[in-house]
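Breakdown of the fold
One-letter residues, chain by chain:
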Amino acid sequence: SGELDEEIIEEDNEKTKVKKYDFRRPTKLSKEYINTLYMIFEDFSKMSSSVLSTQLRTNVGFHLAAIEQVSYDEFIHSIPKFTLLGIFHSQPLNGVQLVEMNPQLCMLLVEILCGGLDSLQAQETFDQEKVIPPKKSFTEIEVAVLEEVVQQLLFVFEHVWQDTCELTTGLEGMDTNPQLLQNMSPNEPVVMVTFTIKVLKMETFINLCIPYVFFEGILDKLSFRNWFDSNQQGSAADTQELQKNLNA
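Heads up: these notes are all about the structure in this document. (Residues numbered from 1 in each chain as written. Predicted model: local features only at pLDDT ≥ 70, side-chain atom pairs only at ≥ 80, totals over all residues. Heavy atoms only, no water.)

**Points about unusual backbone geometry**
We apply this condition: Labels follow the DSSP assignment, with helices taken as runs of H or I lasting at least four residues and strands as runs of E lasting at least two, numbered in each case from the N terminus. Relative accessibility thresholds used throughout: buried, under 20% of the residue-type maximum; exposed, over 50%; partly exposed, between the two (1.4 Å probe, protein chains only).
That bond from Gln91 to Pro92 is cis: its omega, 5°, falls within 30 degrees of zero. On the secondary structure map, Pro92 appears in the loop between β2 (84-91) and β3 (96-101). Unlike most non-glycine residues, Leu200 shows phi in positive territory, near 55°. Structurally, the position occupied by Leu200 is in the loop between β5 (189-199) and β6 (202-211). Classification of Leu200 by relative accessible area gives buried; the value is 16%.

**Topic: the sheet that holds strand β1 (residues 60-71)**
Rule in force here: Pairing between two strands is assigned when DSSP locates at least 2 bridges connecting them. Axis angles are defined between N-to-C directions and span 0 to 180 degrees, where every axis is a line fitted to C-alpha atoms and, for a helix, only to the segment in contact.
Judged by pairing direction, the sheet is antiparallel, and its six strands sit side by side in the order β1-β5-β6-β3-β2-β4 without closing on themselves. On the outer flanks of this sheet lie β1 and β4 (168-175), each paired with one strand and no other. Between one strand axis and the next, the sheet turns through 20° on average, direction left out of account. Pairing geometry for β5 and β6, over 10 bridges, is antiparallel.

**Side note on helix α6 (residues 140-160)**
Definition in use: The span you would expect from a helix comes to 1.5 Å times its residue count less one.
In this model, α6 (21 residues) spans 30 Å end to end at C-alpha, consistent with the 30 Å of a helix rising 1.5 Å per residue. By the burial criterion, the buried members of α6 are Glu142, Val145, Leu146, Val149, Val150, Leu153, Leu154, Val156, Phe157 and Val160.

**Thoughts on empty space enclosed by the protein**
Applicable threshold: Here a cavity is any set of points on a 1 Å grid over the protein atoms alone where a 1.4 Å probe fits but cannot get out, and a pocket is any open set with protein on both sides within 12 Å along at least 5 of 7 lines; a residue lines the site when it has an atom within 4 Å of a point. Grid points are joined across faces, edges and corners, and a volume is the space filled by probe spheres set on the points.
Enumeration according to the criterion identifies two cavities of 30 Å³ or more in this entry. Looking at the second largest cavity, its volume works out to about 30 Å³. For the second largest cavity, the full set of lining residues is Leu52, Leu56, Met101, Leu109, Val149, Ile197 and Ile206.

**Focus on the packing of helix α4 (residues 103-113) against α6**
Going by this rule: Oblique is the label for any angle not under 35 degrees, not over 145, and not in the 65 to 115 range, which are roughly parallel, roughly antiparallel and roughly perpendicular in turn. Contacts between residues were defined by any pair of non-hydrogen atoms, one from each residue, lying within 4.5 Å. Basically, the charged four are Asp, Glu, Lys and Arg, the nonpolar ten are Ala, Val, Leu, Ile, Met, Phe, Trp, Tyr, Cys and Pro, and anything else, Gly included, counts as polar.
Packing of α4 against α6 leaves a shortest axis separation of 10 Å and a crossing angle of 90°. One element, α4, and the other, α6, form an angle in the roughly perpendicular class. Between α4 and α6, the contacting residues are Cys106, Met107, Leu109, Val110 and Leu113 on the first element and Glu142, Val145, Leu146 and Val149 on the second. Along the lines of polarity and charge, the residues of the contact of α4 with α6 split into eight nonpolar, no polar and one charged.

In short, geometric facts, not functional conclusions.
Structure follows, in structure tokens:
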């Protein structure tokens, strides 16, 4: 009938409104900042697809799947106990970042980069267990080959942040046991960025782990207002860079 009961409205207003908060899943970044990260890592996925396709000489599908705010302990328990971890740092920002690739994907990349698996592209089915047997360790040669792939991803990571902050990204090391890493405390809030990657007949995931301290110094630059403010005046350096690119 459209009539409202004033007593019910008053009771609702008097109730204390409580919102559940899980301290094990800290929400440090607002939705606005997360939306900006989606834009940045969409560019990361597109560029990574192109760079890896060139390196592997085969089509690579690379797509952003999810961005989650979790604790470092949750991230460690969400990945395999034996996996490949690239540990890197991006100056001048704080914190250590991680890129994770599972061993099945790693061995497929090694096979392709070493000239194997030419016949797979002609096969209608892909028996992962037969083509890529399970491994419990990597040889030094395999790690050296995979390091080249990780370096390409770091190059893309550095490039997609150029509009936000000039970064100098360097690989600090490679590891295979996430349980032994002591780079962060278990409760430290991190942003986990998950990508799907499809190479030949295999489709799997690659994860980026970025601690919250990485974003602390650039939060103002992650604002939509900073990205889309039409009243901002272009600097002389921006004009010169644009002119240089047009003349290239």
